[in-house]
Each structure stands twice: as structure tokens, then as C-alpha cells.
Amino acid sequence: MEAGLESVVAAETVLSDVDGDAGRLILRGADLEELVGVSDFEAVVGRLWAGLIPASPDGSSVDLKSALGEARMEVWSEVERIDDGLLHLSPVEGLRALMARLGDGEGLAEALRVTAAPAVFTGALLRRKAGLAPLAPDPSAGHAADLLRMIGGQAPGAGQAAALDAYLVAVIDHGLNASTFAARVTASTRAGLVSAALAGLSALKGPLHGGAPGPVIDMLDAIGVASHARVWLEAALERGDRLMGFGHRVYRVRDPRADALKAAIRRLGVDEGRLALGEAVEAAALEVLRTRKPDRPLETNVEFYTALLLEALAIPPSAFTCIFAAGRVAGWTAHALEQIATGRLIRPRSVYVGPQPGARQAAE
């Protein structure tokens, strides 16, 4: 048995395929590059949910932009319940606590609310932590644009909204990663979509999964200028530190999402000096890793350019995992619905390697 369930097939899915050898990500029949920068978040949610989500009560098709806008207004009612206890938590822990207050179920309404919630709650928590009043959602706005407005206090420019749309699409689904597997296991018990999303969010907050982009900013700030990159990186590896933003459990080549987000940063027109520093650090890190770990494929992953993109959108690093969740929650919901449709409880076996009864007496 391989550690970490490596190579174990635990589900069949129509949602996404990660080809780690080719560096390719397919989202329901389309290459990632066909969607990022072209389709907005709502359109890709519709692609993932097609045939899985229950129809609207009258049987008509769902306008997801409008429906998500209405769902943001529905979950807004929970914002008034933010108290000092929640504000003392990290943003992702506060988000988890607020989402736990949503009613569970397996229908369209629950799917919309759980997908809308991270955008509303993240904005409200960040503003309250800063001593500002939360901003109510604008149900007529696109999901990405409204998320940025609820955080920053004003409507973003079209380029900023497009950049966040690109990010939300890039991270919406990615095979059976740790958080998605947690969501599917929970959904298989018929606990409901909110419970499935909470399981996913709890897994996502770990530093080995969605908690990693923040330290990329710390690394760039510590390096400061491109000429210091190699020395700083060498010293970090000497200490036994991981270089955040490099290496992936599945990809043996460059993560395709890294290039998609780098292109989104260029379209956004961010500070050229900051991007140049990022590119210099990336180049130095790849060279150092190839020299020191020649037998391990450690290429740039999604976290590296996630950090630069979200920083350019004025999102604090403490909330990076919340923004990741705002995109991935639609994928968790799709996987939960797909798992529910199988009607099968996920119940793998373990291999017992402990002592047998009577072993101590026999040894004596």
C-alpha cells in the first residue's frame, strides 16, 4: 500500500482531470487555457454543475449570475451575527464558523448559498477586523467583482474583476485533492452540501494545501531584491525549509495554473518591479532546486503566482485561503452532488499493523 493513497483510484468523475506528467488540467471537457481569461466564474460553475444540480423549482434553467447574486443577499443575514469571538479567529476560521450556521441540504438553494458564502463572509470579516462596516452584496454584480467590492469598499475596475475571475476559474476544481476528497467523503454520508463544504474548507486551511500562498509573500518580502534571491533560497534550504510555491504532489512538470495566473497578472498591469522580483525569485528557485534535488521534479505551482495576483488585488495574505475557498467551493459542491448521485458511502479499509492479542504474553 502506498502512503497517502498515492495511485489509489477512489472515484470516477466527469468534473476534472489532472495530467501530472503532461502538465494539463481539463475542466469538464475543456482545457484550463480555454476557460481562464475567457469565461467568468459563473459560466464555469454552470459547466461543472450541469446535469448534477437540481433544477429550479419551476423546472426552468438557472441564470447563475442572478441566482448567485440572490444567494449572496440570503447569506448576508448572517453577517450581523459576527461577534468579537469570531473576530479573534483567523479569517479562514471565522469563515468556517459563519458557514457552519447555514442550513444543510442537497438542493439548488443550498448549493447556491454555500457557493455564495465565502465571498460575503470574507469581505465582512476583513472589514470588521479593520474597524469598518461590512458592505452588503450587490446582487446585480458579477461574483468576482462583488467579492472585490465587499473587501475593498468600492467597485473594482473591469481589469481587476477579470483578474479575480481568472483566479476563481483556475482554482475551481483540481481532481481528487485533499479538500475535495474530504468533501466527497462527507457528502457520501448524506450530511448535506454545507457539511461537505465545511469538510473541504477544514482540509484546505492546512499549510500543505490551501494555506501555502501567504508564505510566498513573506519569502518575496524577505528577499527584497533580485540579487539576494539565490543566497536567501540557498540558506532556506540549508535550514531544511520548504520553498513555498514550488513542487506539487501530482505535477511532474510546471503547473498549468501558474502560467494562467501569470498571464492574468500581466493583463492586470501590476507593478512591474514586483512582478520582475517574482520572476527573478522563480528562476533562482528553479535553478537551486534542480541543483540540490536533481532527482525530484520541483516546478512552479499555482501558489506562487496566486500570491502575486491576490497581492495585486489588495487582498491581505491572511485571507488568501478564503479567496481560494471562494473559487474551490463550487468544485466541492459539484463533487458532493456527483458523489450523492452514486448513492454509495465511501468506506475504505485500513491495514492493521499493531500488535496482536497475546503477543506480549507470548514474548514473555
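**Let's talk about the sheet that holds strand E3 (residues 30-31)**
Right, on to step 1. A sheet is described by the order of its strands in space; here three strands give the open sequence E1-E2-E3, paired in antiparallel fashion. In this open sheet, the two edge strands, each paired with only one partner strand, are strand E1 (16-19) and E3.
Right, on to step 2. Bridge count between E1 and strand E2 (residues 24-27): four bridges; the pairing is antiparallel. Paired with Val18 across the bridge in E2 is Leu25.

**Quick word on the pattern of salt bridges**
Right, on to step 1. Enumeration over the complete set of coordinates arrives at 22 salt bridges.
Right, on to step 2. Residues joined in a network through salt bridges with shared partners are Arg230, Glu234, Glu238, Glu287 and Arg292.

**A closer look at the pairing of E2**
Right, on to step 1. With burial as the criterion, only one face of E2 is covered, namely that bearing Leu25 and Leu27; the residues Arg24 and Ile26 on the opposite face remain uncovered.
Right, on to step 2. Counted along the chain from E1 to the antiparallel partner E2, the turn is four residues long, and its residue Gly23 has a positive phi close to 65°.
Right, on to step 3. Where E2 meets E3, two bridges bridge the pair, whose relative direction is antiparallel. Looking across to E3, one finds that Ile26 is bridged to Asp31.
Right, on to step 4. From the end of E2 to the start of E3, which pair antiparallel, there are two residues, and Arg28 there has a positive phi angle of about 45°.

**Quick look at the nonpolar core**
Right, on to step 1. Residues Trp49, Met99, Phe121, Leu164, Tyr167, Phe304 and Ile315 are the most contacted members of the largest nonpolar core, which totals 115 residues.
Right, on to step 2. For this core, the leading source of residues is helix H16 (residues 320-342), giving 13 residues.
Right, on to step 3. Among residues more than four places away in sequence, those in contact with Met99 are Val114, Ala117, Pro118, Phe121, Val194, Ala197, Leu198 and Leu201.

**A look at the environment of Gly103**
Right, on to step 1. Position of Gly103 among the secondary structure elements: in the loop between helix H5 (91-99) and helix H6 (108-129).
Right, on to step 2. Sequence separation between Gly103 and Asp165 is 62 residues; the distance between their C-alpha atoms is 27 Å.
Right, on to step 3. Apart from the residues lying within four places of it in its own chain, the contact partners of Gly103 are Glu110 and Val194.

**So, the confidence of the model for the chain**
Right, on to step 1. For the chain, the mean per-residue pLDDT works out to 91, and 94% of the residues sit at or above 70.
Right, on to step 2. The spread of mean pLDDT over the elements of the chain runs between helix H17 (residues 359-363), the lowest at 57, and helix H7 (residues 143-152), the highest at 98.

**Describing the side chain of His335**
Right, on to step 1. If you trace the backbone, His335 turns up in helix H16.
Right, on to step 2. His335 gets classed as buried once you look at its relative accessible area, which sits at 0%.
Right, on to step 3. Looking at His335, its side chain comes within polar contact range of the side chain of Arg184, at 3.0 Å.
Right, on to step 4. Discounting chain neighbours no more than four positions away, the residues touching His335 are Thr13, Leu15, Ser16, Asp173, Gly175, Thr180 and Arg184.

**Structural notes on the packing of aromatic side chains**
Right, on to step 1. As enumerated under the stated definition, the model contains two aromatic pairs in all.
Right, on to step 2. When the ring of Phe246 is compared with that of Phe304, the centres are 5.3 Å apart and the planes differ by 50°; the resulting orientation is tilted. Residue Phe246 is located in the loop between helix H12 (229-238) and helix H13 (256-268), and its partner Phe304 is located in helix H15 (residues 302-312); the two are separated by 58 residues in the primary sequence.
Right, on to step 3. With 5.1 Å between their ring centres and 80° between their planes, Phe304 and Tyr305 make a pair best called edge-to-face. Here Phe304 and Tyr305 have matching classes, each one buried.

Scoring rules and cut-offs
Residues numbered from 1 in each chain as written. Predicted model: local features only at pLDDT ≥ 70, side-chain atom pairs only at ≥ 80, totals over all residues. Heavy atoms only, no water. Pairing = 2+ DSSP bridges. Helix = DSSP H or I, 4+ residues; strand = E, 2+ residues; numbered from the N terminus. Salt bridge = Lys/Arg side-chain N within 4 Å of Asp/Glu carboxyl O. Buried < 20%, exposed > 50% of the residue type's maximum accessible area, 1.4 Å probe, protein only. Core = buried A, V, L, I, M, F, W, Y, C linked by side-chain atoms within 4.5 Å. Contact = heavy atoms within 4.5 Å. pLDDT = per-residue confidence, 0-100. Polar contact = N/O pair within 3.5 Å; in protein donor to acceptor, adjacent residues only side chain to side chain. Phe/Tyr/Trp six-rings, centres within 6.5 Å; stacked < 30°, edge-to-face > 60°.

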